[in-house]
Amino acid sequence: MLVSDFDYYLPEELIAQQPVEPRDQSRLLVLDRETGCIEHNEFHNLLHYLKPGDTLVFNDTRVIPARLFGTKQETGGKVEVFLLSRTTNDDWEVLVKPGKKAKPGTVIEFSDNLRCEVLQSTDFGGRVVRFQYQGIFEEILDSLGETPLPPYIKTKLTDKERYQTVYARERGSAAAPTAGLHFTRQLMDSCKSMGVNLTFVTLHVGLGTFRPVAVDTITDHVMHREYYSVPEETAALVNKTLAAGNRVIAVGTTAVRTLETAGTSGQLEAKSGWTQIFIYPGYEFKIVKALITNFHLPKSTLLMLVSALAGREHIFNAYQEAVDKRYRFFSFGDAMFIR
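Summarised in this report is the structure supplied together with it. (Residues numbered from 1 in each chain as written. Predicted model: local features only at pLDDT ≥ 70, side-chain atom pairs only at ≥ 80, totals over all residues. Heavy atoms only, no water.)

1. Here's the deal with the overall build of the chain
Link 1 in the chain: In terms of regular secondary structure, the chain is built from seven helices and 17 strands.
Link 2 in the chain: Taken against the 2.2 N^0.38 rule, which gives 20 Å for 339 residues, the C-alpha radius of gyration of the chain at 20 Å falls within 12% of a compact globule.
Link 3 in the chain: Projected onto its principal axes, the C-alpha coordinates of the chain cover approximately 60 × 45 × 40 Å.
Link 4 in the chain: Taken over 339 residues, the chain has a buried fraction of 56%.
Link 5 in the chain: Taking contacts inside the chain between residues at least 6 apart in sequence as the whole, the part at least 24 apart equals 71%.
Link 6 in the chain: Taking the average place of the 38 positive charges on the side chains of the chain and the average place of its 41 negative ones, the gap between the two points comes to 2 Å. (Helix = DSSP H or I, 4+ residues; strand = E, 2+ residues; numbered from the N terminus. Rg over C-alpha atoms; globule rule 2.2 N^0.38 Å. Buried < 20%, exposed > 50% of the residue type's maximum accessible area, 1.4 Å probe, protein only. Contact = heavy atoms within 4.5 Å. Lys, Arg positive; Asp, Glu negative; His and termini not counted. Charge placed at Lys NZ, Arg CZ, Asp CG, Glu CD.)

2. So, the sheet that holds strand E10 (residues 127–133)
To summarise the sheet geometry, strands pair through backbone hydrogen bonds and adopt either a parallel or an antiparallel arrangement.
Link 1 in the chain: Taking strand neighbours around the barrel as the criterion, the six strands line up as E5-E6-E7-E10-E9-E8 in a closed arrangement whose pairing is antiparallel. Ignoring which end each strand starts from, the neighbouring axes of this sheet average 45 degrees apart.
Link 2 in the chain: Note: strand E9 (residues 114–121) against E10, seven bridges, orientation antiparallel. Looking across to E10, one finds that Gln120 is bridged to Val128.
Link 3 in the chain: Relative to the sheet, helix H1 (residues 137–144) contacts strand E5 (67–72), strand E6 (78–86), strand E7 (91–97), strand E8 (107–111), E9 and E10, its axis offset from that of E6 by approximately 135 degrees. (Pairing = 2+ DSSP bridges. Axes fitted to C-alpha atoms, helices over the stretch in contact; angles between N-to-C directions.)

3. As for unusual backbone geometry
Link 1 in the chain: In the segment running from Glu21 into Pro22, the intervening peptide bond is cis, with an omega of -15 degrees.
Link 2 in the chain: A cis amide bond links Lys97 with the next residue in sequence, Pro98, at an omega value of -5 degrees.
Link 3 in the chain: Along the polypeptide, Pro98 turns up in the loop between E7 and E8.
Link 4 in the chain: If you check the backbone angles, Lys299 has positive phi at about 60 degrees while not being a glycine.
Link 5 in the chain: In this fold, Lys299 is placed in the loop between strand E16 (290–294) and helix H6 (301–310).
Link 6 in the chain: Backbone geometry at Arg326 places phi at a positive 65 degrees, although glycine is not the residue there.
Link 7 in the chain: Relative to the helices and strands, Arg326 is located in the loop between helix H7 (312–324) and strand E17 (335–338).

4. A closer look at the nonpolar core
Link 1 in the chain: Ranked by size, the top nonpolar core spans 63 residues in total, and within it Leu259, Ile315, Tyr319, Phe329, Met336 and Ile338 carry the most contacts.
Link 2 in the chain: Contributing elements (two or more residues each) for this core: strand E1 (27–31), strand E12 (197–203), helix H4 (232–243), strand E14 (248–251), helix H5 (253–261), H6, H7 and E17.
Link 3 in the chain: Broken down by element, this core gets its largest block of residues, seven residues, from H6.
Link 4 in the chain: Ile338 has contacts with Leu31, Arg33, Ala290, Leu291, Thr293, Val306, Leu309, Ala310 and Ile315, leaving out every residue within four places of it along the chain.
Link 5 in the chain: Counting residues in each nonpolar core, the second largest holds 24 residues, with Leu50, Leu198, Ala290 and Ile292 among its members. (Core = buried A, V, L, I, M, F, W, Y, C linked by side-chain atoms within 4.5 Å.)

5. Structural notes on the pattern of salt bridges
Link 1 in the chain: Considering all chains together, one arrives at 14 salt bridges under this definition.
Link 2 in the chain: Across the salt bridge formed by Arg162 and Glu21, the nearest N and O atoms sit 2.6 Å from each other. Highlighted residues: Arg162 in the loop between H1 and strand E11 (170–173) and Glu21 in the segment before E1, separated in sequence by 141 residues.
Link 3 in the chain: For Arg162, a relative accessible area of 7% puts it in the buried group.
Link 4 in the chain: Among the salt bridges present, the one from Asp189 reaches Lys192, with a minimum N-O distance of 3.8 Å. Highlighted residues: Asp189 and Lys192, both in helix H2 (residues 185–193), separated by three residues, approximately one helical turn. (Salt bridge = Lys/Arg side-chain N within 4 Å of Asp/Glu carboxyl O.)

6. A few points about H5
One full turn of an α-helix is made of 3.6 residues, so residues set three or four places apart face in the same direction.
Link 1 in the chain: The element H5 is largely enclosed, with a buried count of nine among its nine residues.
Link 2 in the chain: Taken as a whole, H5 has its buried residues at Thr253, Thr254, Ala255, Val256, Arg257, Thr258, Leu259, Glu260 and Thr261.

7. Overview of the sheet that holds strand E13 (residues 226–229)
Link 1 in the chain: Strand order in the open sheet made by the nine strands is E2-E1-E17-E16-E14-E3-E12-E13-E15, with mixed pairing throughout. On the outer flanks of this sheet lie strand E2 (38–42) and strand E15 (272–275), each paired with one strand and no other. The mean angle between the axes of side-by-side strands here comes to 25 degrees, regardless of whether they run parallel or antiparallel.
Link 2 in the chain: Across the sheet, H4 lies against strand E3 (55–59), E12 and E14, angled at about 130 degrees from E12, the strand it touches most.
Link 3 in the chain: Helix-sheet contacts for H6 involve E1, E16 and E17, and the interaxial angle to E16 is about 150 degrees.

Have a look at this one:
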C-alpha cells in the first residue's frame, strides 16, 4: 500500500481552531464498520450507541508544557526545544529548532536555574539532552514552558485546560489524546449509571503519534517509540469484558495502540514499556472492538489505523460525507464512533 492511498481533500476552513463549549456539544458521525452505514448525531447522545457491559478505555495522559525557548551558551543564538519523552530522570528525547548546529556538547540556557546539554543525536532527527536545574523540574517546566498546540491551530487558546481531557492525570505527553476532549464528567457519570465500565491506560503521546509519514510505501515507515502502561485493574476488567462477549471500546487511537500492544495474545496483560506498534489495513485486532476518535490528517498513521478497523473504503466514504456536511476536523474538531 502507498501512503498516497490515504490522501484526501480537506477545505482549510474545516480545520477547527477552537473547541466547542461545552465539550460534549460537538457533532458525532457514527460509522458501522461492517456495513459502512452512517448516522449523524451529537456527542452528548453517545449513550444511544452504548450498551450495559461495554467497557470504555481512556488514555489518562496529561500534556506537559513541552515547548521551551532558550539561547545557546556559546553564541547567544535563539533555540526552541520540544520535549518528546523522558528517558531517565533528567535525560529527555527532544526536537531542537534550528537543529543542525545543536551538536553533542552544545549547552542551551532557558533561565538562571534551567539549562540542558545535548548528549547525542537520534535516528529520527532529534536529540537526547540532559537538564541541569535548581529546584523541582516539573515546577520549573510549568513556569517556563508553553503547552504545545498542533501547527494547524492558529488561534491562541485562552484556557489551557481545554487542551487537556477532564480525566488527565499522568504527566508526560507532548500532545493531547484528542478523542477524550469530548467527554465531560457528567457524561462519564451517565455512562457508569447505565452500566458501562470506565477504565484507564496511559500512553504518553510523542513523535510516534504525530510524526508525518515521509516514505512512499506504508511498510517502510517506522514509528517512533512511546511509553505506555496498563494497570492490573484495567487488564482484569478488559479481559472480563471480552470473556462476556461485550465490547471493548477505545477512546482514541492512543488507547487502541496501548491495548493492542499489551494484548497480542488476545488477553490484555498488565504491563508497561515502550511501543512502536504501527497499525494499518491488514492488521487483525486482538482487543479493540469499537473506537471513538476524531477526524485525522491526510496521509497520517492515525488515518491508516482507523482504516484498519473499519476498512479504507468505509472510512473514506465517511470522511467525504463529513466534508460535505461541514464537520470540523482534527484536534478541536468533531468526533466519529466506529462501532
